[in-house]
Amino acid sequence: MEHVELAAGDLLLRPWRDADAPAVRDALRDPAIAQWNPQGGGPVDDEAALLWVRRRADWSAGDHASMAVTAATGGDLLGSVSLHHIHHGDASIGYWTVPAARGRGVAVRAVGRLTDWAFADLRLHRVELCHAVANSASCRVADRAGYLAEGTLRESYQYGDGRRHDEHLHARLATDR
Ligand SMILES: CC(C)(COP(=O)(O)OP(=O)(O)OC[C@H]1O[C@@H](n2cnc3c(N)ncnc32)[C@H](O)[C@@H]1OP(=O)(O)O)[C@@H](O)C(=O)NCCC(=O)NCCS
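Rules of the game
- Residues numbered from 1 in each chain as written.
- Predicted model: local features only at pLDDT ≥ 70, side-chain atom pairs only at ≥ 80, totals over all residues.
- Heavy atoms only, no water.
- Core = buried A, V, L, I, M, F, W, Y, C linked by side-chain atoms within 4.5 Å.
- Buried < 20%, exposed > 50% of the residue type's maximum accessible area, 1.4 Å probe, protein only.
- Helix = DSSP H or I, 4+ residues; strand = E, 2+ residues; numbered from the N terminus.
- Contact = heavy atoms within 4.5 Å.
- Salt bridge = Lys/Arg side-chain N within 4 Å of Asp/Glu carboxyl O.
- Polar contact = N/O pair within 3.5 Å; in protein donor to acceptor, adjacent residues only side chain to side chain.

Formed by 45 residues in total, the largest nonpolar core has its most connected members in Val81, Leu83, Ile93, Trp96 and Leu114. With eight residues, helix H4 (residues 106–120) is the single largest residue contributor to this core. Setting aside residues no more than four positions away along its own chain, Ile93 makes contact with Val81, Ser82, Leu83, His84, Val111, Leu114, Thr115, Val127, Glu128, Leu129 and Tyr147.

And the structure:
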C-alpha cells in the first residue's frame, strides 16, 4: 500500500517518521494509553519507541495503515490512529490522543477521516472498533464517529492491568448513512 497524507481541518494524518519516536515514547508512558493501548509489557524506552514507529511506517504488507495525527500547522504530535487487520474488505481501527490534546475532538475527527478514506479509497466494507467497557471516553469517541454499538464481547482482551476486560464491539459499514 502507498503512503498517503490526509487533511482533516486543523489536523493532519500522516505516516509515522523516525523523528516521532521521542514523542511516541512519552505518549506510550501515559497511564491511560498504557492501560487501554497496551504494547506487550516491555519497557517503553527510546529503542522500543523507534521500533514502534518503524513498524507502523511500513505499509508494505498491505494489512495496516497507521497514521500519526498532528496539528496541520506546527506539526506537534497529537495522537495516533490506525487501521489494522485489513483483509477482504474488513479492518479494525485503533487510536489514542496525547494527554495535552484531549477533549477537543482530535480522536473523533481522526477516526472519522481515516474511516472515510478506508471506505472511499481502500474500498473497505466494514470497520470494527473495540474498547473496554470500562473505557467510557473511548465509547463516546466510537458513538461520535458514527460507529454503531453491536454488542458486548465477554473477557475478550487483556489490557495493561493484566486483566481480561469485557469489550463493546462497534462497527461502521460503507453503506451506513
Ligand atoms: C479515549 C481518547 C482517545 C479520547 O481522545 P480525545 O481526543 O480526548 O477525544 P475527543 O476530544 O474526540 O472526545 C470525544 C468524546 O469523548 C468525550 N470524552 C473525552 N474524554 C472523556 C472522558 N474521560 N470521559 C467521558 N467522555 C470523554 C468527549 O467529551 C467527546 O464527547 P462529546 O463530543 O459528546 O463531548 C483519549 O482519552 C485517550 O487516548 N485515552 C487513552 C487511550 C485510549 O483509551 N485509547 C482508545 C483505546 S480503545
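So that's the structure; there's more coming.
With that out of the way, let us pick up the pattern of salt bridges. Following the criterion strictly, the structure yields eleven salt bridges and no others. Note that Asp26 and Arg25 form a salt bridge whose closest N and O atoms lie 3.1 Å from each other. Using a relative accessible area of 45% as the deciding quantity, one classes Asp26 as partly exposed. The class for Arg25 is buried, based on a relative accessible area of 19%. Asp46 is the partner of Arg25 in a salt bridge, and the nearest nitrogen-oxygen pair spans 2.5 Å. Of this pair, Arg25 sits in helix H1 (residues 21–28) while Asp46 is found in helix H3 (residues 46–57), placing the two residues 21 residues apart along the sequence.

The topology assignment puts Asp20 in the loop between strand E2 (11–15) and H1. Among the residues examined, Asp20 registers a relative accessible area of 7% and is labelled buried. Polar contacts involving the side chain of Asp20 include one to the side chain of Arg14, which spans 2.8 Å. If we skip the residues at most four places from it in the chain, Asp20 touches Arg14, Val53 and Ala68.

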